[in-house]
Amino acid sequence: MSPANASHNHFGAHAAPITSATYGFGTLAIHAGSEPDAATGAVIPPLSLSTTFKQRAVGDFVYEYSRSDNPNRSNLEAAIAALEHGTHGFAFSSGSATTATVLNTLPQGSHVISVNDVYGGTHRYLNKVAQSLGITTTFVDLAQIDNLRDAIRENSRLVWIETPTNPTLRLVDIAAVAEIAHEAGMFVVVDNTFLSPYFQTPLELGADIVVHSATKYINGHSDVVMGVAVTSNDALASKIRFLQNAIGAVPSPFDCYQAQRGIKTLHLRMRQHALNAQRVAEYLEASPFVESVIYPGLKSHPQHELACRQMRGFGGMVSFRIRGDTHTADRFLQRTRLFTLAESLGGVESLAELPARMTHAGLAPEERNELGITGNLIRLSVGVEDVEDLVADIAQALDSAVRDNSDEIAI
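Quick look at the structure, then. All of these numbers come straight from a predicted model, not from anything done at the bench.

## Notes on the pattern of salt bridges
- In total, this model carries 9 salt bridges according to the counting rule given.
- Between Arg309 and Glu305 there is a salt bridge whose closest N-O contact spans 3.2 Å. On the criterion of helical spacing, the pair formed by Arg309 and Glu305 is a turn pair, its members being 4 residues apart in helix α11 (residues 304–310).
- A salt bridge links Glu353 to Arg379; the nearest nitrogen and oxygen atoms lie 3.3 Å apart. Separated by 26 residues along the polypeptide, Glu353 in strand β11 (residues 351–353) and Arg379 in strand β12 (residues 377–381) bring together distant segments of the chain. Summarising the burial analysis for this pair, Glu353 and Arg379 share the class buried.
- Overlapping salt bridges bring together Arg73, Glu77 and Arg241 as one network.

What follows is the structure, given as structure tokens:
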């Protein structure tokens, strides 16, 4: 056990462990995996940059080598496991490394069923990398649960879910998928990046593994690239731990230190992200310059009822179709002042992008059209700035972008 996670040290009596069963989310975010240092009493566990560690005798050690384990990574993994209400946490050098490691737990010849509206990097890995390893994938619309039943084969081993999906914010009923998948002997992975454990805990809904691009909301400050996975399944945990060490796609101690610092304000940030996103979505829905708005917190979202049942909040991501074409969308993105034109999401600052030509440009045009990723679909990552300023920024950019195209568009 890491000294930072020890329940007894020189500076205190035997302490009760900080677990999801005994404390609320904000308390866990601040304290889980962040016990005062056993050796010095430091309230914040120190950054441990050493690559190797002294052994008391041959084979007698707490830490051996930093690829295998490190105090800062152990602390972060304990924190994310507690927040996701799991028992085993794992940190990786990126979200893509997390995806690759989880899929490497499958035997050759396995079949994966994935939600069709999946992150472009996951789609790329399943289509171009996993296939070369003997793993095939069927992409289906999991919003229609019968599609899952129809896609199951004798060699189906895993269902991969994103909910909400990226970038069209469709929802998947995790409990319903888990019930069908488990009956067929499959396990379920949920990418929880868009909501964070503050708004959704998939393990409690029947998922076997939950993954995140921790680059996004978990870290929350756009200065760390990282991925995490959590499970309560001991057999899966053993496989993932072995592969984490064998493949070696692990984060640096400094990145773990930074990400855990970000986690300590996750509950505060997510509340404000959601409040701001709701206001932005409502403004967009009322605008004559907008064709449609996609946000689970709007009653117009076709799965709003599922959102209210499955989620504890609606998150900070909003997508909308500007009235016009891809050139109109491009003008909007160039004329915002607070929404920065950039890929990624989940930081404290607001970002905007055009999925058809940025994050999802790798999909074939017919695939994008089938998913509704049109040339005028804009994705917003709504930050935690003053919401009045964000709405005003959108208003001026919309007015400028659409009115410049007024000869072609009837408003």
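## With respect to empty space enclosed by the protein
- Considering all chains together, one arrives at 1 cavity of 30 Å³ or more under this definition.
- By volume, the largest cavity is sized at about 30 Å³.
- Taken together, Pro164, Leu169, Phe194, Leu195, Pro296, Phe314, Gly315, Gly316 and Met317 make up the lining of the largest cavity.
- Each residue belonging to the lining of the largest cavity can be placed in one class, and the counts come to 7 nonpolar, 2 polar and no charged.

## A short note on the packing of aromatic side chains
- Overall, the coordinates contain 5 aromatic pairs when judged by the stated rule.
- With a centroid separation of 6.4 Å and 70 degrees between ring planes, the pair formed by Tyr295 and Phe314 is classed as edge-to-face. Taken as a pair, Tyr295 in the loop between β8 (290–294) and α11 and Phe314 in the loop between α11 and β9 (317–322) lie far apart in primary sequence, 19 residues in all.
- When its relative accessible area of 21% is taken as the criterion, Phe314 is described as partly exposed.
- In this structure an aromatic cluster arises from ring pairing among Phe25, Tyr198 and Phe199.

## Here we look at helix α6 (residues 174–183)
- Those residues of α6 lying buried are Ile174, Val177, Ala178, Ile180 and Ala181.
- In this structure, the buried side of α6 is in contact with α5 (146–151), β4 (156–162), β5 (187–191) and α11.
- You can read the cap of α6 off the contacts: a side-chain oxygen lies 3.3 Å from the backbone nitrogen of Ala175, and it is on Asp173.
- Count one or two residues on from α6 and you reach Gly185, which has phi positive near 80 degrees.

## Details of the sheet that holds strand β6 (residues 209–213)
- Spatial strand order, β1-β7-β6-β5-β4-β2-β3: 7 strands in an open sheet with mixed pairing. Sheet topology places β1 (88–92) and β3 (136–140) at the edges, where each strand pairs with a single neighbour. Shown here is a sheet whose adjacent strand axes are inclined to one another by a mean of 20 degrees, direction ignored.
- Of the strand pairs in this sheet, strand β2 (residues 111–115) and β4 are connected by 4 bridges, and their pairing is parallel. Of the residues in β4, the one forming a bridge with Val112 is Leu158.
- Against the sheet, helix α3 (residues 95–103) touches β1, β2, β4, β5, β6 and β7 (227–231), its axis set at about 155 degrees to β6.
- On the sheet, helix α8 (residues 234–247) packs against β1, β5, β6 and β7 and is oriented at approximately 25 degrees with respect to β1.

## Section: the packing of helix α12 (residues 326–335) against helix α14 (residues 387–403)
- Contact geometry for α12 and α14: axes closest at 8 Å, N-to-C directions at 140 degrees. It follows from the interaxial angle that α12 and α14 lie oblique. Seen from above, α12 lies across α14 with right-handed handedness. For the pair formed by α12 and α14, the contact residues are Thr328, Arg331, Phe332 and Arg335 on the first element and Ile394, Gln396, Ala397, Leu398, Ser400, Ala401 and Val402 on the second.
- Residues of the contact of α12 with α14, tallied by class, amount to 6 nonpolar, 3 polar and 2 charged.

## Notes on the environment of Asp150
- In this structure, Asp150 sits in helix α5.
- Exposure remark for Asp150: the relative accessible area of 64% places this residue in the exposed category.
- Along the primary structure Asp150 and Pro46 are separated by 104 residues, whereas in three dimensions their C-alpha atoms are 52 Å apart.

## Some words on the sheet that holds β12
- Reading across the sheet, the 5 strands line up as β8-β9-β12-β11-β10 and stay open at both edges, with mixed pairing between neighbours. Strands at the two margins of the open sheet, each flanked by one partner only, are β8 and β10 (340–341).
- Where β11 lies against β12, 3 bridges are found, and the strand directions are antiparallel. Each residue of the ladder has a partner; that of Glu353, found in β12, is Arg379.
- The strands touched by α14 are β8, β9 and β12; relative to β9, the strand with the most contacts, the crossing angle is about 20 degrees.

About the cut-offs
In every chain, residue numbers begin from 1 and rise along the written sequence. A pLDDT threshold of at least 70 governs which residues receive local features in this predicted model, and a stricter bar of 80 or more applies before side-chain atom pairs are shown or counted, although totals over entire chains, interfaces and linings include all residues. Side-chain figures throughout are based on the complete set of non-hydrogen atoms in the structure, without hydrogens or water. For this document, the term salt bridge refers to a Lys or Arg side-chain nitrogen within 4 Å of an Asp or Glu carboxyl oxygen. Under the scheme used here, helices are H or I runs from DSSP no shorter than 4 residues and strands are E runs no shorter than 2 residues, and both carry numbers assigned from the N terminus. Partly exposed describes any residue whose relative accessible area lies between the buried limit of under 20% and the exposed limit of over 50%, with all areas from a 1.4 Å probe on protein chains only and scaled to the type maximum. Cavity and pocket criteria rest on a 1 Å grid covering protein atoms alone: a 1.4 Å probe that fits but cannot get out defines a cavity, protein on both sides within 12 Å along at least 5 of 7 lines defines an open pocket, and an atom within 4 Å of a point defines a lining residue. Grid points are joined across faces, edges and corners, and a volume is the space filled by probe spheres set on the points. Residue type decides the class: Asp, Glu, Lys and Arg count as charged, Ala, Val, Leu, Ile, Met, Phe, Trp, Tyr, Cys and Pro as nonpolar, and the leftover types, Gly among them, as polar. Pairs were defined over the aromatic rings of Phe, Tyr and Trp, the Trp ring being its six-membered one, requiring ring centres within 6.5 Å. Orientation was assigned from the angle between planes: stacked under 30 degrees, edge-to-face over 60, tilted for the rest. It only takes one pair of heavy atoms within 4.5 Å for two residues to be counted as in contact. Contacts described as polar in this section are N or O atom pairs within 3.5 Å, which, within protein, must combine one atom able to donate a hydrogen with one able to accept it, while residues neighboring in sequence count only if both atoms come from side chains. We treat two strands as partners when DSSP finds at least two bridges between them. Every axis in this analysis is a line fitted to C-alpha atoms, fitted for helices over the stretch in contact. Angles between the N-to-C directions lie between 0 and 180 degrees. Roughly parallel here means an angle under 35 degrees, roughly antiparallel means over 145, roughly perpendicular means 65 to 115, and every remaining angle is called oblique. Crossing handedness is defined as follows: a turn of the near helix away from the far one that is anticlockwise and smaller than a right angle gives a left-handed crossing, while the clockwise case is right-handed.

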